[in-house]
Amino acid sequence: MTNTTGKVFGVNGNMVTVTFEGDVSLNEVGYIQVGSQKLKSEVIRIRGNQAEMQVFEQTGGIGVGDTVEFTGELLAVTLGPGLLGQVYDGLQNPLPQLAEAAGFFLKRGLYLDAIDRDSSWEFTPKTEKGATVRAGDTIGTVPEGIFEHRVMVPFGLAGEWTVQSVVSKGTYKVTDTVCEIADAHGNTRSLTMLFEWPVKRAISVFEERYKPSEPMVTKVRMIDTFFPVARGGTYCIPGPFGAGKTVLQQITSRHAEVDIVIIAACGERAGEVVETLQEFPELTDPRTGRTLMERTVIICNTSSMPVASREASVYTAVTIAEYYRQMGLNVLLLADSTSRWAQAMREMSGRLEEIPGEEAFPAYLESVIASFYERAGVVRLKDGSMGSVTIGGTVSPAGGNFEEPVTQATLKVVGAFHGLSRDRSDARKYPAIHPLESWSKYPSAINDELVAYCRDILVRGNEVSQMMKVVGEEGTSLDDYILYQKSEFLDSVYLQQNSFDPIDGSVTIERQRHIFRILFDVLASEFDLHDKDSARNYFNQLRQIYLDYNTSEWESDAFGKNEKELKKLIDEKKKGYDPVAEDIRKRAGSAEG
Amino acid sequence: MKKVYSRIEEISGNVITVTADGVRYSELALVTSGHGKSLAEVIRLRGNKVSLQVYSGGRGVSTGDEVQFLGKPMQVSFSENLLGRIFDGSGRPRDKGPALEENLIEIGGPSVNPSKRIIPRNMIRTGIPMIDLFNTLVESQKLPIFSVSGEPYNELLSRIAMQAEVDLIILGGMGLKYDDFLFFRDTLEKGGAMDRTIFFVHTASDPVVECLMVPDISLAVAEKFALQGKRVLVLLTDMTNFADSLKEIAITMEQVPSNRGYPGDLYSQLAARYEKAVDFEGAGSITTLGVTSMPGDDVTHPVPDNTGYITEGQYYLRGGRIEPFGSLSRLKQMVNNTTRGDHRALMDGMIRLYANYKESVEKKSMGFRMSEWDQKLLRYGSLFEAKMMDLSVNIPLEEALDLGWQILAECFDPEETGMQSKLLTEFWPKNVERSSEQESA
Ligand SMILES: Nc1ncnc2c1ncn2[C@@H]1O[C@H](COP(=O)(O)OP(=O)(O)OP(=O)(O)O)[C@@H](O)[C@H]1O
Ligand SMILES: [Mg+2]
């Protein structure tokens, strides 16, 4: 606490105006004393001796003249071992512990430690007396689940420090001093396993940032093959309500090939988080054999929770993501929905009576969104290891119209765009990513030329289908009709995927590569088909077997049998390859071989 | 005794401003005017200027009227005595019964800790195939009926209410037409459900501010009953009126509107109410069915749009039927895996084919020749509409599933349906007349 105190002067929704004496800084945290409760708040504007604060709680009962204490600290999160598996609100209060203390309902003014101060860990020192260390350097490690959690020099310490002492290997409480350091001026610091970091500041203690290029496998065919996401990259999923944004993020949070997943449930339904909460402790991560919960952190500030902490929640999430990146891990942050975060900004901006931009969003919306996604990246750390933060955010555009400020601002900065379409979700074509409108700037795990060939079929097939609406099936040539059937085939057996099927729901890259060959074979072949009815029947048959193929276990008997049947059926009608495809295939083949 | 202020400095719409000390945000006051007494709620504090929204409206309020602060927020009486009673948006009796004062509870309380929620698990059977089969309603779900005016949404609401197995029904009426209010009352009375029903009704002729209170009062009472182990069904009709009241107050308060005049916090305001739907572990539950009328049949209008982003699906009512497109129960997958093995596949498959049917209809309307496949789809579509979509159909889920296969078999070859072979072997009906072939032959 600083000496600065203030008094409430006005209340307007969740914004309180405070008259203060002394010094106050922007984004500083203060507590408003209401009866026996202290309500956490953040300074969001200062004018003369008045500060506007957003209150992270309901403001009912606050009165003019109530005391405000300023802390001198910016809004920060606690970093240290024990974050994994936790479920926090937007301000990093552990929700299960809040429930133990307060029951079914959230209780205003109740704040708990993010990491239990009595927890202890087996500490192995990684530095020694006399060593020179800087912010972010590892002084020791503790085993957190399957990870070697690095205990680091706090990121905010400037300059070089010399290790005065470090404890020997053993079990220590998170609050025990494990290392003492001093700088050239004789300033000393006692380091524990915990430290704080202000959420709105990116962690930048690394050597170099790289261009994202390695695929971040989601096991969703359409994404990995057609619209890939790279580790350290960014992507967004805009879509109208009910199109499948949350389901897509949920399956990604399960199946993505990353070390750690941070889920930021930002201003959406509480019920959706519950599924994750209850299922993850039961599900095993095939990569590690441990439960999924052990690689997950959930930041849950759902729609009926205070709006100001919703605004904070995405920053809390990305800060924790950056922290684990500093350990040489690949972290995926999934934020659902960034629009709710933007709306929280809009609400505050309105109360501050700032000049509104488009749809009343604040003028700084774009730059705030851009700097959030900028916190993704692949970095080389000082010890040479690589870490990454990948950010995927959903966007909930008003009216499902992508021409709105949040979607547009996001599209400017992300590396991949998975736009969900109402038409596709209405037709139950899941995942409802629009295959013609979506894009990715990242390389696919499957040969780009082959993929481009398939996309071309999709584009041309769609043209035929549009044309058919005008000239009818009878006005369409057989060749065009077959093209159309091919694009429909690609759509129904490869782009569409049954998320709830134990097999089809997650498809490894190995399997994608394998089944893609057969898909390509169908798309690139010229078939001996004489009329539209026989063409339709033929593709129906292919589809039927391919769907069964998709739901049969990898390399099982059924899988082999379906594959054989498919090949047989293709060979029955195949006249040869489309010459263009033949060329691509040869090039791709020699590239792979 | 609290001080009485007898100088109102500003009256704008339903909002009045007085100079007063020691007032707390959200506190209630009693405004006494020549027309009687009304509650008012503090909605802004700035120094000693206090702005209040007057529940009975600003009309007729005079600068000389008295304002007395009550030192407490809005409350409502909670007890078994509420059952069978009818109240207005401020909790005053609308029937001839006595006013209730005992056991006051606060309204608009804190939200449930997400970590205390449980996964919804019980299907609510309605006997309506478009719901039970295609978009199953689940206990603790929040789900609106999207509808243009003139559709029988209140009929649908009351039919579901009567058929659903719940312990208690709370009807929150907002801007309800008096006739509709009478319709609900009569239906529930006839069905013998009146003694397990509570009404909080704001009618179209009541003051706007009282409309704002209806969801909070209804849900606060529902929450208490749910905590006592009751399965409560809350019906909120019409939430668009609620949103319009919010808009009216926001404009009076000179807030910058975000979209077609609605305030920027419309989403949060609606969510605060809908998110009250819950299943308490070890106790009861709240299921919320709302009505959201769509001005101009426009689903992108801010009210249905924001609602869709909050609720767990929606039922589109159009032409007296629940439309398969756009309608969605997002919780259906929580329960439809334990109903019958073919439920999910049939649900998806039939809708996919119905989408194809719609395309064929479009082609037909443009005068194209109908292929054999189109013919099959057309036949399918008309059977589907007549046997499944018609709201008069009232059959249990299992019968609806059988009927689904029957319709498919009457129209298609098995492999044309895109269903997995496994299911086709198990469920494809034998010996079904394929009349479509005779037609096209
Ligand atoms: N991949 C999928 N497979 C099967 N069903 C799906 C899939 N994706 C979405 N759905 C269906 O659509 C419903 C809505 O999906 P979801 O909740 O993900 O939508 P959303 O885009 O997040 O909507 P909102 O913006 O309102 O949150 C789901 O409950 C489910 O019934
Ligand atoms: Mg969602």
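Everything numeric here is computed off the predicted structure, so don't read it as measured data.

Peer 1: Hey, could you run me through the overall build of chain B in this one?
Peer 2: When its secondary structure is counted, chain B shows 13 helices and 23 strands. When the backbone C-alpha atoms are referred to their principal axes, chain B occupies close to 90 × 50 × 40 Å. Considering chain B as a whole, with its 441 residues, one finds that 61% of them fall into the buried category. Summarising the internal contacts of chain B: among those between residues at least 6 apart in sequence, 72% fall at separations of at least 24. Put simply, chain B shows about 16400 Å² of open surface, and 47% of that area lies on carbon and sulfur atoms. Across chain B, the mean location of the 48 positive side-chain charges is 3 Å away from that of the 60 negative side-chain charges.

Peer 1: Whenever I open this one, the sheet that holds strand β12 (residues 147-152) of chain A confuses me. Can you help?
Peer 2: Sheets are built from strands that pair by backbone hydrogen bonding, the pairs being arranged parallel or antiparallel. Residues and elements named next belong to chain A. The strand order β12-β11-β9-β14 describes an open sheet built from four strands, whose pairing is antiparallel. On the outer flanks of this sheet lie β12 and β14 (170-173), each paired with one strand and no other. Sheet twist, expressed as the average angle between the axes of neighbouring strands with direction ignored, equals 45 degrees. In terms of strand pairing, strand β11 (residues 138-144) meets β12 through six bridges, oriented antiparallel. If you follow Thr141 over to β12, its bridge partner there is Arg150.

Peer 1: How should I be thinking about the packing of aromatic side chains in this particular structure?
Peer 2: When we look at a pair of aromatic rings, we describe it by the centre distance and by the angle of the planes. Applying the stated rule across the entire model yields 47 aromatic pairs over all chains. Plain terms: the ring middles of Phe155 of chain A and Trp197 of chain A are 5.9 Å apart, the flat faces sit at 75 degrees to each other, and that makes the pair edge-to-face. Residue Phe155 of chain A is found in the loop between β12 and β13 (161-166), and its partner Trp197 of chain A is found in strand β17 (residues 195-198); the two are separated by 42 residues along the sequence. As far as the burial class goes, Phe155 of chain A and Trp197 of chain A line up, both buried. Ring geometry for Tyr315 of chain A versus Trp341 of chain A: centroids 5.9 Å apart, planes at 80 degrees, classification edge-to-face. Taken together, the residues span a long stretch of sequence, with Tyr315 of chain A in helix α5 (residues 307-325) and Trp341 of chain A in helix α6 (residues 338-351) at a distance of 26 residues. When sorted by exposure, Tyr315 of chain A lands in the same class as Trp341 of chain A, which is buried. Taken together, the ring pairs connect Phe489, Phe527, Tyr538, Phe539, Tyr546, Tyr549, Trp554 and Phe559 of chain A into an aromatic cluster. Over the ring of Phe361 of chain A we find Arg346 of chain A; its NZ or CZ atom is 4.4 Å from the centre of that ring. Over the face of the ring belonging to Phe104 of chain A we find Lys116 of chain B, whose NZ or CZ atom lies 5.3 Å from the ring centre.

Peer 1: In this structure, what is going on with the interface of chain B and chain A? I would like to understand it.
Peer 2: Counting from both sides, the interface comprises 76 residues of chain B and, opposite them, 80 residues of chain A. Of the roughly 6500 Å² buried between chain B and chain A, counting both surfaces, carbon and sulfur atoms make up 52%. Here chain B is connected to chain A by three salt bridges. Arg351 of chain A is paired through a salt bridge with Asp265 of chain B; the nearest N and O atoms lie 3.6 Å apart. Counting across the chain B and chain A interface gives 30 residue pairs in polar contact (both at pLDDT 80 or more). Secondary structure elements with two or more residues in the side of chain B that touches chain A: β5 (36-46), α4 (208-227), β17 (257-259), α6 (266-274), α7 (302-310), α8 (332-335), α9 (343-365) and α10 (372-389) of chain B. Broken down by element, the residue count for the side of chain B that touches chain A peaks at seven residues, all from α9 of chain B. Considered class by class, the residues forming the side of chain B that touches chain A number 30 nonpolar, 24 polar and 22 charged.

Peer 1: Got a minute to help me understand the domain arrangement of chain A in this structure?
Peer 2: Often, the extent of an interface is quoted as the loss of accessible area upon association of its parts. Under the domain assignment, chain A is made up of domain 1 (5-73), domain 2 (79-109 + 206-439), domain 3 (120-193) and domain 4 (448-592). Its C-alpha centre places domain 3 of chain A at a distance of 57 Å from the equivalent point of domain 4 of chain A.

Peer 1: Before we go on, may I ask you to explain the environment of Leu292 of chain A in this structure?
Peer 2: Residues and elements named next belong to chain A. Inspection of the secondary structure assignment puts Leu292 in the loop between α4 (270-279) and β21 (296-301). Using a relative accessible area of 3% as the deciding quantity, one classes Leu292 as buried. Here the alpha-carbon distance between Leu292 and Pro281, two residues eleven residues apart in the chain, equals 6.2 Å. When sequence neighbours within four positions are dropped, the list of residues in contact with Leu292 reads Arg254, Phe280, Leu283 and Asp285.

Peer 1: Can you help me understand the site of ligand 1 in this one?
Peer 2: Near ligand 1 there are 20 residues, and of these Lys245, Thr246, Val247, Arg269 and Ser499 of chain A occur at the shortest range. Per-site note: the chains with residues close to ligand 1 are chains A and B. Residue Gly242 of chain A places a main-chain N or O atom 2.8 Å away from an oxygen atom belonging to ligand 1. Here ligand 1 has 620 Å² of accessible area as a free molecule, and 95% of this is covered by the chains. Of all the elements in the fold, those that place two or more residues in the shell around ligand 1 are α3 (245-255) of chain A together with α7 and α8 of chain B. The greatest single-element share of the shell around ligand 1, amounting to three residues, is contributed by α3 of chain A.

Peer 1: I would appreciate a short explanation of the state of the cysteines in the present structure.
Peer 2: Put plainly, two cysteines are in a disulfide when a covalent bond ties their sulfur atoms together. Residues and elements named next belong to chain A. Tallied over the entire structure, the rule returns zero disulfides over all chains. Free of any disulfide, Cys300 has its nearest cysteine sulfur in Cys266, 10 Å distant. The class of Cys300 is buried, set by a relative accessible area of 0%.

Peer 1: Before we go on, may I ask you to explain the sheet that holds β13 of chain A in this structure?
Peer 2: All names here are of chain A. A sheet is described by the order of its strands in space; here four strands give the open sequence β10-β13-β15-β16, paired in antiparallel fashion. Looking at which strands have only one partner, the edges of the open sheet turn out to be β10 (132-133) and β16 (188-191). Pairing between β10 and β13: two bridges, direction antiparallel. Each residue of the ladder has a partner; that of Val133, found in β13, is Trp161.

Peer 1: Looking at this structure, I do not really get the pattern of salt bridges. What am I missing?
Peer 2: Where charged atoms from two side chains of opposite charge come close, those side chains can pair. All names here are of chain A. Evaluation of the coordinates by the stated rule reveals 55 salt bridges over all chains. Salt-bridge contacts for Glu311 lead to Lys200; the nearest nitrogen and oxygen are separated by 3.2 Å. With Glu311 in helix α5 and Lys200 in the loop between β17 and β18 (208-210), the pair connects residues that are 111 residues apart, well separated along the chain. A salt bridge links Arg287 to Asp259; the nearest nitrogen and oxygen atoms lie 3.3 Å apart. With Arg287 in the loop between α4 and β21 and Asp259 in the loop between α3 and β20 (260-266), the pair connects residues that are 28 residues apart, well separated along the chain. With a relative accessible area of 15%, Asp259 lands in the buried category. Where salt bridges share partners, they join Glu268, Arg269, Glu272 and Arg340 into one cluster.

The rules behind these values
Chains are numbered independently. Their residues run from 1 in the order of the written sequence. Chain A is the first chain written and ligand 1 is the first ligand written, with later ones labelled in order. Given that this is a predicted model, residues contribute local features only at a pLDDT of at least 70 and side-chain atom pairs are listed and counted only at 80 or more, while totals for whole chains, interfaces and linings are drawn from all residues. Neither water nor hydrogens contribute to the side-chain values; these are computed over all heavy atoms in the structure. Under the DSSP-based scheme used, a helix requires at least four consecutive residues in state H or I and a strand at least two consecutive residues in state E, with every element numbered from the N terminus. Buried, partly exposed and exposed residues are distinguished by accessible area as a fraction of the type maximum, computed with a 1.4 Å probe on protein chains only: under 20%, between the cut-offs, and over 50%, respectively. Contacts between residues were defined by any pair of non-hydrogen atoms, one from each residue, lying within 4.5 Å. Using the Shrake-Rupley algorithm and a 1.4 Å probe, accessible areas are obtained, with residue cover drawn only from the displayed protein chains. A residue counts as positive if it is Lys or Arg and as negative if it is Asp or Glu; His and the chain ends are not included. Each charge is placed at NZ for Lys, CZ for Arg, CG for Asp and CD for Glu. The pairing criterion is simple: DSSP has to find at least two bridges between the two strands. The axes are straight lines fitted to the C-alpha atoms, using for helices just the contacting stretch, and the angles between their N-to-C directions are given from 0 to 180°. Only centres within 6.5 Å qualify two rings of Phe, Tyr or Trp (six-membered ring in Trp) as a pair; their planes then separate them into stacked at under 30 degrees, edge-to-face at over 60, and tilted for everything else. Both a distance and an angle decide whether a charge sits over a ring: NZ of Lys or CZ of Arg must be within 6 Å of the ring centre and within 35 degrees of the ring normal. Accessible area that two parts lose when put together, evaluated with a 1.4 Å probe and summed over both, is termed the buried area. Any Lys or Arg side-chain nitrogen located within 4 Å of an Asp or Glu carboxyl oxygen qualifies as a salt bridge. N or O atoms within 3.5 Å of each other form a polar contact, as long as, within protein, one can give a hydrogen and the other can take it, and as long as residues adjacent in sequence are counted only when both atoms are side-chain atoms. Residue type decides the class: Asp, Glu, Lys and Arg count as charged, Ala, Val, Leu, Ile, Met, Phe, Trp, Tyr, Cys and Pro as nonpolar, and the leftover types, Gly among them, as polar. Just so you know, the domain bounds were taken from an automatic or database domain assignment. In these notes, residues near a molecule or strand are those with any non-hydrogen atom within 4 Å of it. Here, the term disulfide refers to a pair of cysteine sulfur atoms separated by no more than 2.5 Å.

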